[in-house]
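# Topology and contacts: notes
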Amino acid sequence: DGGITQSPKYLFRKEGQNVTLSCEQNLNHDAMYWYRQDPGQGLRLIYYSQIVNDFQKGDIAEGYSVSREKKESFPLTVTSAQKNPTAFYLCASSILGTSGETQYFGPGTRLLVL
Amino acid sequence: QQQVKQSPQSLIVQKGGISIINCAYENTAFDYFPWYQQFPGKGPALLIAIRPDVSEKKEGRFTISFNKSAKQFSLHIMDSQPGDSATYFCAASRRSNMLTFGGGTRLMVKP
């Protein structure tokens, strides 16, 4: 059963703590993305990767970091530098094309600050 | 800077009615315009998409209308059903996989 999995479903962060959100896909997609979703603001791109060991900053990368050591995995770390981390985080993947490639989304992780 | 503006933010429609969600874009280089549907607590999923060489695309009860000169596109849901209650996002991309999303519309279809 192909798809994208994200874990955990809920994550709680304490002050000054770094937390890592997991994203795995078995669709054999080259491109992977991380979005942040806040009410009324749509989806904003944090980071994306088009190939293993390479990734690019999106519109709101400050306070976040990623790695892409394997094609199937694209974990996102929310660092203590991110002062307002409470949000719904979505991971997506797509094949690598010139335009109009469908992005497939995972079920999301909701991050809450204690 | 929001390159894709979506309206309304929320919409209530009676069962059987027509739901209409509008989006406007600024960048004339955009060449792909998808709509995504998101149910509560889930990730968005592609609903329907259009390219600027056509003015309308229909899939079942869902239709995209595209006005290139006005830089606007809209989603029409005919015979709206309670199961259509979800958040809808328009998006646009420019010769790449990168999507710019609108702010979303929360649709509620009353039985």
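The structure contained in this document is the topic of the report that follows. (Residues numbered from 1 in each chain as written. Chains lettered and ligands numbered in written order. Predicted model: local features only at pLDDT ≥ 70, side-chain atom pairs only at ≥ 80, totals over all residues. Heavy atoms only, no water.)

## Concerning the overall build of chain B
If you tally the helices and strands in chain B, you get 0 helices and 11 strands. Start at the N end of chain B and walk to the C end: the helices and strands fall as β-β-β-β-β-β-β-β-β-β-β. For a compact globule of 111 residues, the expected C-alpha radius of gyration is about 13 Å, and chain B comes in at 13 Å, within 12% of that figure. Along the three orthogonal principal directions, the C-alpha set of chain B runs to about 40 × 30 × 20 Å. Burial status across chain B gives 46% buried among its 111 residues. A fraction of 53% describes how many contacts in chain B between residues 6 or more apart in sequence connect residues 24 or more apart. Across chain B, the centroid of the 13 positively charged side chains sits 5 Å from that of the 7 negatively charged ones. (Helix = DSSP H or I, 4+ residues; strand = E, 2+ residues; numbered from the N terminus. Rg over C-alpha atoms; globule rule 2.2 N^0.38 Å. Buried < 20%, exposed > 50% of the residue type's maximum accessible area, 1.4 Å probe, protein only. Contact = heavy atoms within 4.5 Å. Lys, Arg positive; Asp, Glu negative; His and termini not counted. Charge placed at Lys NZ, Arg CZ, Asp CG, Glu CD.)

## Structural notes on the interface of chain A and chain B
On the chain B side, the residues contacting the 24 residues of chain A number 21 residues. Here chain A and chain B share 0 salt bridges between them. Sorting the residues of the side of chain A that touches chain B by element identifies β4 (31-37), β5 (43-51) and β9 (87-94) of chain A as the ones contributing at least two each. (Salt bridge = Lys/Arg side-chain N within 4 Å of Asp/Glu carboxyl O.)

## Digging into unusual backbone geometry
Across residues other than glycine, the phi torsion is negative in most instances, and most of the peptide bonds are trans. A cis geometry characterises the amide bond from S7(A) onward to P8(A), with omega recorded as -5°. You can see P8(A) is positioned in the loop between β1 (4-7) and β2 (10-13). A cis amide bond links S7(B) with the next residue in sequence, P8(B), at an omega value of -5°. With respect to the helices and strands, P8(B) occurs in the loop between β1 (4-7) and β2 (10-14). The backbone phi angle of N28(A) is positive, close to 60°, even though this residue is not glycine.

## Topic: the pattern of salt bridges
Two side chains that carry opposite charge are able to pair once their charged atoms sit near each other. Within this structure, the stated rule accounts for 5 salt bridges over all chains. In this structure, D38(A) and R36(A) form a salt bridge, with 2.8 Å as the shortest nitrogen-oxygen distance. The exposure class assigned to D38(A) is buried, which follows from its relative accessible area of 12%. On the accessibility criterion, R36(A) (4% relative accessible area) is buried. One salt bridge in this structure joins R61(B) and D84(B), with 2.8 Å as the shortest N-O distance.

## Digging into a nonpolar patch on the surface
Nonpolar side chains collect at one region of the surface, where Y10(A), F12(A) and L114(A) lie side by side and expose about 370 Å² of accessible area between them. Following the sequence through the fold, Y10(A) ends up in strand β2. (Patch = residues over 30% accessible without salt bridge, like charges linked within 9 Å, V, L, I, M, F, W, Y side chains within 5 Å. Areas by Shrake-Rupley, 256 points an atom, 1.4 Å probe, with all protein chains shown as cover.)

## Considering the sheet that holds strand β3 (residues 19-25) of chain A
Residue and element names in this part refer to chain A. Taken in spatial order, the 4 strands make up an open sheet running β1-β3-β8-β7, and their pairing is antiparallel. Edge positions in the sheet fall to β1 and β7 (64-66), since each has one partner strand and no second. Put simply, the sheet's adjacent strands are angled 20° from each other on average, direction ignored. Note: β7 against strand β8 (residues 76-78), 3 bridges, orientation antiparallel. Looking across to β8, one finds that Y64 is bridged to V78. (Pairing = 2+ DSSP bridges. Axes fitted to C-alpha atoms, helices over the stretch in contact; angles between N-to-C directions.)

## Overview of the sheet that holds strand β7 (residues 62-67) of chain B
Residue and element names in this part refer to chain B. Spatially, β1-β3-β8-β7-β6 is the arrangement adopted by the 5 strands of the open sheet, whose pairing is antiparallel. Each having just a single partner strand, β1 and β6 (56-59) make up the two edges of the open sheet. Each strand axis lies, on average, 15° off the axis of its neighbour in the sheet, ignoring direction. Bridge analysis of β6 against β7 gives 4 bridges, and the strand direction is antiparallel. Paired with E59 across the two strands is F62, which belongs to β7.

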